[in-house]
Amino acid sequence: MRDARPILLLTRPLSGAERFTKAVNDRFGDAIEVAISPLQEIEWLDVDRADDQPEAPIFTSQNGVYGWNRANSGFTGVAYCVGPQTTELATQLGLQAVDCGGNADAVVGVVSKANLNGHVVHYRGVHGRGDIARRLQTSGVNCEERVVYRQVALSPDPLFSAVLSSDRPVLAALFSPRSATLFSENVPNDAAIWLAVISPSVAERLDLMLQCRMMVAEAPNAGAMLDLVEEFLKTCGSGCDDDLA
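Presented here is an overview of the structure given in this document.

1. Considerations on the overall build of the protein
Here comes step 1: Looking only at helices and strands, the protein has nine helices and 11 strands in total.
Here comes step 2: Principal-axis analysis of the C-alpha atoms gives the protein an extent of 60 × 35 × 30 Å.
Here comes step 3: Residues classed as buried in the protein amount to 47% of the 245 residues present.
Here comes step 4: In the protein, 64% of the contacts between residues at least 6 apart in sequence involve partners at least 24 apart.
Here comes step 5: Entry remark: accessible area of the protein is about 11900 Å², with carbon and sulfur atoms responsible for 47%.

Pasting the structure below:
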């Protein structure tokens, strides 16, 4: 019997795709098939951090936490985190993690008002956004940054092409501006797909034709992305012929 279920396409790095797949399976069971076809992978960078003794680290991604932890010397103090998933991971590693509210602006606002006496360090990737260290320095916070990982582009694998040429409804979930750029560069012009994007900054990286069937998450976190998957499933249940709102 032919599988007629909708497909959720994940092109983010493998570890993040696997975490989101678990959340999808926990919430929707087998109502949707998840296809993991990464268009990038994480490469960890060995950064000289001999002088790093921050009063508090700043993390704007889970990979930033992992990159910091590779050279962690037992720090268990306060860490400022961009959103709930990053906060949860930092907490699991023994930090007193503060959820700043979901984006770079929120991080800058919270840290600026924290009355920190020492210096803080933002652990980030090569393709980061938000210019957090410079903005905090402007507001009077002694902030440095360490680039601890980079996202390396991958060529699409056969599964990527197979999913996009499928006659089943396909939802591609995009979690970062970098992911959106790589997806746009590799998606066929005639692909009839729907998109779930985590923020307006991600949507800006997409071609106008791709934006015709696009949903933007109400908050930049995994929970809001799961809500978009649910909206997609409801639309497909009614025929999947109408554009998503």
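2. Some thoughts on the pairing of strand S4 (residues 56-59)
Here comes step 1: Because side chains alternate across S4, one face comprises the buried residues Ala56 and Ile58, and the other comprises Pro57 and Phe59, equally buried.
Here comes step 2: Across four bridges, the pairing between S4 and strand S7 (residues 120-125) is parallel. Each residue of the ladder has a partner; that of Ile58, found in S7, is His122.
Here comes step 3: Where S4 lies against strand S5 (residues 78-81), two bridges are found, and the strand directions are parallel. Looking at S5, one finds that Ile58 is bridged to Tyr80.
Here comes step 4: Assessed by its sense of winding, the connection that carries the chain from S4 through helix H2 (residues 62-69) to S5 is right-handed.

3. Remarks on the nonpolar core
Here comes step 1: Counting 47 residues, the largest nonpolar core has Leu8, Leu9, Phe20, Phe183, Ile193, Leu195 and Met225 as the members making the most contacts within it.
Here comes step 2: Among the elements that make up this core, the one with the highest residue count is helix H9 (residues 222-237) (nine residues).
Here comes step 3: Leave out the neighbours within four places in its chain, and Phe20 touches Leu8, Leu10, Arg12, Phe175, Ala222, Met225, Leu226 and Val229.
Here comes step 4: Core analysis: the next-biggest nonpolar cluster, separate from the first, contains 15 residues, Val107, Val108, Val111 and Val120 among them.

4. Description of the sheet that holds S7
Across a sheet, strands are paired by hydrogen bonds formed along the backbone, either parallel or antiparallel in direction.
Here comes step 1: Read from one edge to the other, the open sheet built from six strands follows the order S3-S8-S7-S4-S5-S6, with strand pairing classed as mixed. Two strands in the sheet have a free side with no partner beyond their single neighbour: strand S3 (40-44) and strand S6 (96-99). The mean angle between the axes of side-by-side strands here comes to 25 degrees, regardless of whether they run parallel or antiparallel.
Here comes step 2: Across the sheet, helix H3 (residues 84-92) lies against S4, S5 and S6, angled at about 175 degrees from S6, the strand it touches most.

5. Remarks on the packing of aromatic side chains
Here comes step 1: A full pass over the atoms with the stated rule returns six aromatic pairs.
Here comes step 2: Ring plane angle 75 degrees and centroid distance 4.9 Å describe the contact between Phe20 and Phe175, whose orientation is recorded as edge-to-face. One end of the pair, Phe20, is in helix H1 (residues 14-28); the other, Phe175, is in the loop between strand S9 (170-174) and helix H7 (177-186), with 155 residues separating them in the sequence.
Here comes step 3: Residue classification places Phe20 among the buried positions, given a relative accessible area of 3%.
Here comes step 4: Here Phe175 falls in the buried class, since its relative accessible area comes to 13%.
Here comes step 5: Ring centres of Phe59 and Tyr123 lie 6.0 Å apart, and the angle between their planes is 35 degrees; this geometry places the pair in the tilted category.

6. Brief notes about the state of the cysteines
Here comes step 1: For the structure on display, the rule yields zero disulfides.
Here comes step 2: In this structure Cys81 is not part of a disulfide, and its nearest cysteine sulfur, from Cys100, lies 7.0 Å away.
Here comes step 3: Look at Cys81 and you get buried, because its relative accessible area is 0%.
Here comes step 4: Cys100 supplies the cysteine sulfur nearest to Cys143, a cysteine that is in no disulfide, at a spacing of 12 Å.

7. Considerations on the sheet that holds strand S1 (residues 7-10)
Here comes step 1: Read across the open sheet, the five strands follow the order S2-S1-S9-S10-S11; overall the sheet is parallel. Looking along the sheet, the strands with just one partner apiece sit at the ends: strand S2 (33-36) and strand S11 (214-216). On average, each strand axis in the sheet is tilted by 25 degrees relative to the strand beside it, whichever way the strands run.
Here comes step 2: One ladder, built from four bridges, connects S1 with S2; its direction is parallel. Note on S2: the bridge partner recorded for Leu10 is Ile36.
Here comes step 3: Contacts from H1 reach S1 and S2 within the one sheet, and its direction differs from that of S2 by about 180 degrees.
Here comes step 4: In the packing of H7 onto the sheet, contacts are made with S1, S9 and strand S10 (194-197), and the angle to S9 comes to roughly 140 degrees.

Definitions and cut-offs
- Residues numbered from 1 in each chain as written.
- Predicted model: local features only at pLDDT ≥ 70, side-chain atom pairs only at ≥ 80, totals over all residues.
- Heavy atoms only, no water.
- Helix = DSSP H or I, 4+ residues; strand = E, 2+ residues; numbered from the N terminus.
- Buried < 20%, exposed > 50% of the residue type's maximum accessible area, 1.4 Å probe, protein only.
- Contact = heavy atoms within 4.5 Å.
- Areas by Shrake-Rupley, 256 points an atom, 1.4 Å probe, with all protein chains shown as cover.
- Pairing = 2+ DSSP bridges.
- Right-handed = clockwise from strand over helix to strand, strands pointing away.
- Core = buried A, V, L, I, M, F, W, Y, C linked by side-chain atoms within 4.5 Å.
- Axes fitted to C-alpha atoms, helices over the stretch in contact; angles between N-to-C directions.
- Phe/Tyr/Trp six-rings, centres within 6.5 Å; stacked < 30°, edge-to-face > 60°.
- Disulfide = S-S within 2.5 Å.

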